[in-house]
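# Structural characterization, general
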Amino acid sequence: MNNLKDIISKKQVNGLKGVITIPPDKSISHRSLIFGALCEGKIKISNFSFAQDCRATLEIVKALGCGVVFSDERLLILTSPKTLCAPSKTLDCGNSGTSMRLLAGLLSGYNFKSILTGDKSLSKRPMKRVIEPLSLMGAKIKSNDFKAPLEITGGKLNPIEYFSPISSAQVKSCILLAGVNTIGETTVCEKTLSRNHSERMFEYLGANIQTGHSENGFYTKIQKSKLIPKDIEIAGDISSAAFFMVMAAIVPNSEIIIKNVGINLTRTGILDVFDKMNVTYEILDKKTVSNEEVADIKVLYSPDLKGCDISGDIIPRLIDELPVIAVLAAAADGQTVVKNAQDLRNKESDRISSLACGLKKIGIDIVETDDGFIINGDKNNFLGNVELDTYFDHRLAMSFFVAGLLCKNEILIKDFNWVNTSFPEFLKLFTKISA
Ligand code: S3P
């Protein structure tokens, strides 16, 4: 756990070298608990993420009647009751949008009242995207002008066919979690495919689910299903690996191997960007665990980086990696243009403006646009000698840290402990490869 509030990031004169294992996937960890809560019986979840976001979901499934026992650092046994019970307290999702949006779907199918709250950042994030489809299904949801707290009175729902106006895995998963408790067929459709961990986990646990593509986009259909309790092993998080992958690509003489990373195609947009930008990397030792592909990723220092265009269908496949991809673009020759990423404004912070603000202070040539940013890359622009805010945003904190490794002068990053949201071991792993 990282308890340091303000930290310094500075130029890395030696290459970064070593073999590391990054934390378990946050998206899959949340789902293992929420889907596990629907499997009447006992399941073993190995390589579970104990980052703060996932701990919030853990406390909530406990409040709904699940039993949780830890047998070692990353292994937990979840025992789920016949039916979830009404919580006796407010359910606190902390900083986690995934917890709030997925649990809203789950809770809508139960005949009791529950209240989901969040921290300052989560309370500003849009919830209309889940309130609207769940209300169409018959759930009663009170909110603070479509923001948290959400007071949900669930019950018997009716199936819907819903075209999601945004390609969001949280919205899709929310509707599927309501649909799995609804008699009839619930369909959710999105224009471009967002991460499909929910579809894969439902399939793995034996739900009646079908996915496909039609002229309207990508659809998923689910019927009321009883899930079969099965052990789940969680892959490493490519979104956390991304920080170390970019460090290796930009710091001269680096060579890093990251073990056991999830390489589900709906998450590997960063590797397509690496191809376009001339990053040297290899995918080693591919295998499948609990219906998800996993591999080791080796990344080498890449001296001939060049800018590229990033837009369209690739955006949902790298949405969380865009802040650190911006740092890569800043170290590349030429221009990088990111478009169609307007939902970045609805993350833990408005990631377009907070990123542009921080990188500009460092010296980087970045221009904010409505739905993305334009960067004119040049390693000489990494000046530093600034203090940067983190805006309650773990991914910004880590992206600024990566930028600091190329800066002529040190940078001070405030409130760095926000990294605990997803990656408490970040500094410890950095020490391992920079020693
Ligand atoms: C997530 C989906 C993404 C992502 C978030 C995790 C998930 O959000 O940004 O960090 O686990 O489903 P959206 O679905 O809102 O794009």
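So, here's what we can say about the structure. Just so it is clear, the structure is predicted and the values come from calculations on it, not from any experiment.

### So, unusual backbone geometry
- Backbone torsion omega between alanine 148 and proline 149 reads 0 degrees, so that peptide bond is classified as cis.
- In this fold, proline 149 is placed in the loop between β8 (140–142) and β9 (150–153).
- Residue aspartate 145 is not a glycine yet carries a positive backbone phi of 50 degrees.
- With a relative accessible area of 64%, aspartate 145 lands in the exposed category.
- Residue tyrosine 391 is not a glycine yet carries a positive backbone phi of 55 degrees.

### Side note on the side chain of asparagine 95
- Counting through the fold element by element, asparagine 95 comes out in the loop between β6 (91–92) and α3 (97–107).
- There is a polar contact of 3.0 Å between the side chain of asparagine 95 and the side chain of aspartate 119.
- Dropping the residues within four chain positions of it, asparagine 95 is found in contact with Asp53, Asp119, Ser121, Leu122, Arg125, Glu348, Phe392, Trp418 and Thr421.

### A word on the sheet that holds strand β23 (residues 411–413)
- Overall, mixed pairing links the 3 strands, which are arranged β1-β23-β22 in an open sheet. Both edges of this open sheet fall to β1 (7–9) and β22 (386–388), since each of them pairs with a single strand only. Adjacent strand axes in the sheet meet at a mean angle of 30 degrees, parallel and antiparallel pairs treated alike.
- The pairing of β1 with β23 spans 3 bridges and is classified as antiparallel. Looking at the pairing, isoleucine 7 lines up with isoleucine 413 of β23.
- Contacting β1, β22 and β23, helix α11 (residues 394–404) runs over the sheet at an angle of about 165 degrees to β23.

Calculation notes
- Residues numbered from 1 in each chain as written.
- Predicted model: local features only at pLDDT ≥ 70, side-chain atom pairs only at ≥ 80, totals over all residues.
- Heavy atoms only, no water.
- Helix = DSSP H or I, 4+ residues; strand = E, 2+ residues; numbered from the N terminus.
- Buried < 20%, exposed > 50% of the residue type's maximum accessible area, 1.4 Å probe, protein only.
- Polar contact = N/O pair within 3.5 Å; in protein donor to acceptor, adjacent residues only side chain to side chain.
- Contact = heavy atoms within 4.5 Å.
- Pairing = 2+ DSSP bridges.
- Axes fitted to C-alpha atoms, helices over the stretch in contact; angles between N-to-C directions.

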